[in-house]
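Inside the fold
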Amino acid sequence: MAFSPKVKRTTKHGDGAQNLLRSQKDAYARLLNQHQNGKFRSYLQELATQQVEESMSTSVSSLSSQQSRQMADASICSYTDKTSYQVTCTEDQGIKPGMLEKHARMELHKAAAPKKVPSKPQHKRNEKDIKISSNLVGSEEGDSQQLSCSCGEEQAKDKSKKKRLKGNLAKKDEGECGPEVDVITGKSPNKNIKAPQTQASKESLLQNNKDKGTKSGRGSRKQLFEEYMRTEDVSAGLERGELIKGVLRINPKKYKEAFVPSPDGSADIFLDGIAARNRALNGDVVVVKVLPPEQWKEVSGDINERTLANQMVPKAPDVIVEARYNEDDEVIGKMKNVCLHDKAPVTTQSVKHGSAFNISGSSSERAMQRTGKVVIIFEQKHSRAASGFLKFLPNKNFAMFSPVDHRIPRVNVPLVDCPADFVSRPGDYENVLFICRITHWPADNNFAEGRLAKTLGQAGEIEPETEGIMTEYDVDFSEFSEEVLNCLPQDLPWSIPAHELSRRRDLRKECVFTIDPATARDLDDALSCKQLSDGNFEVGVHIADVSYFVEEGSVLDQIAGKRATSVYLVQKVIPMLPRLLCEELCSLNPLTDRLTFSVIWKLSPEGKILSEWFGRTVICSCIKMSYDHAQSMIEAPDKHFSAEELPPCSTNHRIHEIKEAILNLHNIAKQLRAQRFESGALQLNQLKLSFSLDKESSMPQGCYVYQYQDSNKLVEEFMLLANMAAAHQIYRTYPELAILRRHPPPQSKMVDDLQEFCDQMGLDIDLNSSRGLHRSLNENLGNDEYAAARREVLTHMCSRAMQMASYFCTGALKDENSFHHYALNVPLYTHFTSPIRRYVDVIVHRLLAASLNCGPPLSLSLEEVHKLASHCNDRKTASKRVQELSSELFFAVFVKECGPLDSEAMVMGVLDQSFDVLVLRYGVQKRIYCNSLEGLKAVHFRKVGKRPEMTLVWEQADPSKESTQQEISIFTLLNVQLKADGAPMKYSAVLKRPSALI
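Residues numbered from 1 in each chain as written. Predicted model: local features only at pLDDT ≥ 70, side-chain atom pairs only at ≥ 80, totals over all residues. Heavy atoms only, no water.

Keep this limit in mind: UniProt positions are given in the numbering used here, feature names are shortened, and annotations may be inferred rather than shown by experiment.
The name given to the protein chain in an unreviewed UniProt entry is DIS3-like exonuclease 2, with the source organism recorded as Cyprinus carpio carpio. UniProt annotates the protein chain under Sequence similarities (unreviewed entry) with the comment "Belongs to the RNR ribonuclease family. DIS3L2 subfamily."

**Topic: the pattern of salt bridges**
Cut-off, in case you're wondering: When a carboxyl oxygen of Asp or Glu is within 4 Å of a side-chain nitrogen of Lys or Arg, the pair counts as a salt bridge. Secondary structure elements follow DSSP: runs of H or I no shorter than four residues count as helices, runs of E no shorter than two count as strands, and numbering proceeds from the N terminus. To sort residues, take the accessible area from a 1.4 Å probe on protein chains only and compare it with the maximum for the residue type: under 20% means buried, over 50% means exposed, and anything in between is partly exposed.
Summed over the entire model, instances satisfying the criterion amount to 43 salt bridges. Between D593 and R508 there is a salt bridge whose closest N-O contact spans 3.0 Å. With a gap of 85 residues between them, D593 in strand β21 (residues 593-603) and R508 in the loop between β15 (505-506) and β16 (512-516) connect regions that are remote in the sequence. According to the relative accessible area criterion, D593 is partly exposed, its value standing at 31%.

**Brief notes about the confidence of the model for the protein chain**
The following threshold applies: pLDDT measures how confident the predictor is about each residue, on a scale from 0 to 100. Here, residues are in contact when the closest pair of their heavy atoms is within 4.5 Å.
Looking at the protein chain as a whole, the pLDDT averages 77, with 71% of positions reaching at least 70. The model gives residues 1-25 a pLDDT under 50, and that stretch makes 45 contacts with residues more than four places away or in other chains. Within the model, pLDDT remains below 50 along residues 31-39, and this stretch shows 35 contacts once partners closer than five positions in the same chain are excluded.

**Some remarks on the pairing of strand β18 (residues 537-544)**
We count it as follows: For two strands to pair, DSSP has to find at least two bridges joining them.
With respect to burial, β18 is a largely interior element, seven of its eight residues being buried. Of the strand pairs in this sheet, strand β17 (residues 525-531) and β18 are connected by seven bridges, and their pairing is antiparallel. Residue L527 lies in a different strand from β18, and its bridge partner there is V541. Linking β17 back to β18 in an antiparallel pair, the connection comprises five residues, with G535 at a positive phi of about 90°.

**Concerning the UniProt feature "binding site: Mg(2+)" (unreviewed entry) in the protein chain**
Following the UniProt record, the feature "binding site: Mg(2+)" (unreviewed entry) maps to D516 and D525 here. Tracing the backbone shows D516 in strand β16. Judged by its relative accessible area of 7%, D516 is buried. Sequence-distant contacts of D516, defined by excluding residues within four places in its chain, comprise L523, D525, M625, S626 and Y627. Note on placement: D525 falls in strand β17.

**Observations regarding the nonpolar core**
Condition: Residues enter a nonpolar core if they are buried and are Ala, Val, Leu, Ile, Met, Phe, Trp, Tyr or Cys, with the set joined through side-chain atoms within 4.5 Å.
Counting residues in hydrophobic clusters, the biggest one holds 101 residues, and the most contacted among them are F513, L527, F718 and F832. Considering each element in turn, this core owes the most residues, 13 residues, to helix α19 (residues 710-733). Excluding anything up to four places from it in sequence, F513 contacts A526, L527, S621, C622, I623, I658, A661, I662 and L665. Formed by 37 residues, the second largest nonpolar core is a distinct cluster that contains V910, Y922, L936 and M950.

**Describing the packing of helix α17 (residues 627-635) against α19**
Pairs of packed helices are described in terms of their axes, by the angle between the two and the distance that separates them. This is how the line gets drawn: An axis is simply a line fitted to the C-alpha atoms; with a helix, the fit covers only the stretch in contact. Between two such axes, the angle follows the N-to-C directions and lies from 0 to 180 degrees. We call two directions roughly parallel when the angle between them is under 35 degrees, roughly antiparallel when it is over 145, roughly perpendicular when it lies between 65 and 115, and oblique otherwise. Basically, the charged four are Asp, Glu, Lys and Arg, the nonpolar ten are Ala, Val, Leu, Ile, Met, Phe, Trp, Tyr, Cys and Pro, and anything else, Gly included, counts as polar.
Following both chains from N to C, one finds α17 and α19 inclined at 105°, their axes separated by 8 Å at the closest point. Between α17 and α19, the angle falls in the class roughly perpendicular. In contact with Y627, A630, Q631 and I634 of α17, α19 contributes D710, S711, N712, L714 and V715. Classifying every residue of the contact of α17 with α19 gives five nonpolar, three polar and one charged.

**Observations regarding unusual backbone geometry**
Excluding glycine, a negative phi dihedral is what most residues carry, and trans is how most peptide bonds are arranged. Here the amide bond leading from L492 into P493 is cis, since omega sits at 0°, within 30 degrees of zero. Mapping P493 onto the fold places it in the loop between α12 (482-485) and α13 (498-502). Following G899, the chain continues to P900 via a peptide bond in cis, the omega torsion being 0°. Residue placement: P900 occurs in the loop between α24 (862-898) and β28 (901-910). Unlike most non-glycine residues, N278 shows phi in positive territory, near 55°.

**Thoughts on the sheet that holds strand β4 (residues 269-272)**
With antiparallel pairing, three strands are arranged side by side in an open sheet as β2-β3-β4. Every interior strand has two partners, whereas the edge strands, β2 (249-250) and β4, have only one. The pairing of strand β3 (residues 257-260) with β4 spans four bridges and is classified as antiparallel. By the bridge assignment for β4, F259 is matched with F270.

**Topic: the packing of aromatic side chains**
Note the threshold: Working definition: rings of Phe, Tyr and Trp (its six-membered ring) pair if their centres are within 6.5 Å, and the pair is stacked with planes under 30 degrees apart, edge-to-face with planes over 60 apart, and tilted otherwise. Comment: the charge-over-ring label is applied if NZ (Lys) or CZ (Arg) is within 6 Å of the ring centre and within 35 degrees of the ring normal.
The tally for this structure, following the rule as stated, stands at 17 aromatic pairs. Both rings, one in F808 and one in F819, keep their centres 5.0 Å apart while their planes meet at 45°; by these two values the pair is tilted. Taken as a pair, F808 in strand β27 (residues 806-809) and F819 in the loop between β27 and α23 (839-851) lie far apart in primary sequence, eleven residues in all. For the pair F808 and F819, a shared accessibility class is recorded, and that class is buried. An aromatic cluster of at least three residues, connected via ring pairs, comprises F392, F422, Y429 and F434. Its end group placed over the ring of Y987, K926 keeps NZ or CZ at 4.2 Å from the ring centre.

Next comes the structure, spelled out in structure tokens:
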């Protein structure tokens, strides 16, 4: 329904309270006729009584973002003071709280004048005014989230809203002023989304109408979320295929959009609004019911194509990159609801944005995307903890907690949890970060309930921000308890018992060494290589024998299993095991006897395995080398290295002997690597940012893209070989209990769409196999200085179609073909080489020991191993995300302290209002918004087939000269500048004007 009423109303001129009340009634009748919600009637009526005697407030157009945020909160505080219930779900009208107040005041003033049915031009002006007010008040998405609750079952917007397809160049995914954000209903802020009214919303409307009969609806609490489905019904629905189980992903930039992967590999199921998620949080395993086809969303262009064009994939340190949908602003950018019989393609034309830009678009076909709703949270994976800020609510015995992550609901916390002087001095805590844990989220409340756990410190500082990240992702960074420490050897300094030495193969006289990052302290792998008389080589991989110290079932074992992995932050490591183990007793430190689990092969010079031996050993590493040390030997094979150029070395082994071993390993590794990729292996490494830190403050002093060298590849090849050997050994002995790592092939639909996209782009990319893809990425991109950048851009595009690698118990999967590891192209794979930092490796060591009769049998059942594998998957994913956020945090600080930073950049993707770039100097990916570019006169977006292109029209400094055009497409090289934003830990990328215009 439009914002102008259908019924003509008139108001007689006159004085007195009666005329005033009638004016108010007429004004609010129009609003109530739009919102169709009993509780909003009550709110608006009370607001009218209050506002009629107040003068107009200062224009909100001058408010800062922080002031807008406070104003939005203030309106909520005012509302909660006046009512005994929270704001409830209403039909989608795209109104914000501040917008309601301003619109109400407008209506009160207009009520005193005779009323006429507005003409269409007036209608449009009214809508524009209302939209402007919504853009100016409560601009931050997070502050409006808790007034939201909607799904695909809410009332459709009025047809007049279809016409409002104004091209808005504001940063929609940054939560800034510009697009309408539906604060009340939780509908997607995208103006083009429209959902039909379903039975559920009709029942909601009926309930609201019933509320009219009560005293403004007071004392009633409306159910905002559906009751969860019964367990037996869920099981039956899953068996019949009527329900779908999957992991919920909430768009971090637009919290009202969420997705659950489709089991058949097709486009994700779209969950539209807060109510559709039914109190589930990001990462939870949920069961979803797909809504009827008439409630599906129509998307401009192919769904997967739009996904590939818009998502931003987090960097991954390994060969596998998680496929992610729709994490940025254009994801469901052109959605609309239409009848199924509307088959004709629709032409969408971008129009003028404000007064600054003229954007042209092109027509595109439309596709339907399924929508759904959560019927039960199958498993709560989210920690229910968040960092955020406290808001004071007058006359309440609780405060409002606003999470930094807008995907998490706002939380009512008791005042007793707050600092002692919070009530008297709330302003002192405006920039203080707190940790809150959600304890309950009622079905009849937009706000969750919770308790404050800790005060972190000032927002924007590294340590408070880091602690907030770790807490939110449930990283246990507490000190190990006395009970745990009591499981460690107590007689220090510790030495290997004589009876243990007698049971192991003694390799202490062999030339064994470690190659690790220069700053590494947990050295869990070592290498050895010696040439045999027959010309072959004896190569050994020696792994720290952590399972010797971590007894199965002990308190130490339990805490290690719970942590599951060490977490590597920029400035520190959160260890899985106590430091006495991971940095001393287990770490393969040089010139020290250490217990190991070894695999030793006899290899031909070409890398062919002639024999293999597994067993428990004892070694004494002769030197701790860094990757740079090993690289220097590889690059200068004829150089004589002096003792001063290398770390301390054992007198039992000459430096020349160590260099020869490294060179032999390098040559064999090259053969193994070539064979792997010839056999169909695939590597999708992405750029990794490293930092140099101040030793005292740990503040970033510099940053650089980490260089992956031949020395890294050397170590990687033999670790892969050892992991594959361990996988075959444990699966051969324990076919039901082995814990392996699998990697499914990419989703076929997304691969097909990507192949078509690459063909249209003129890119010679073979996506038919992992072997073809690897060749394409390494052979078809030229050999100039920007070939690596082009490879990174294509890797980013290809990674989106990939699925996650995961641990699994072999007894839980009946089809052995599903064990296959796609990226490595091997039938069996596991993790054996890092037991200091990965708990799965500890389990693999125990299975290996049992299979070799040098350790007790594993006491875990199939079900227990299956649950353990799932838990390790969760913790690995969380650890990876925390590491990414830590890197982002430090880089944001670096930009703030050392910026602005200039760099070349390469275009990775082009949208109609923005484009993504890879900043070559720092390896970061950023989105550049056209409306942030000063001196830009116009923007023209077009598609040639599926190839997106953009023309930027720049104004000349001399008005008499013609404007200059700049073409933007995939692989275009640009000059950009990174600079800090006003908000803590935020920075933006801005395109520098072409040099010809400067």
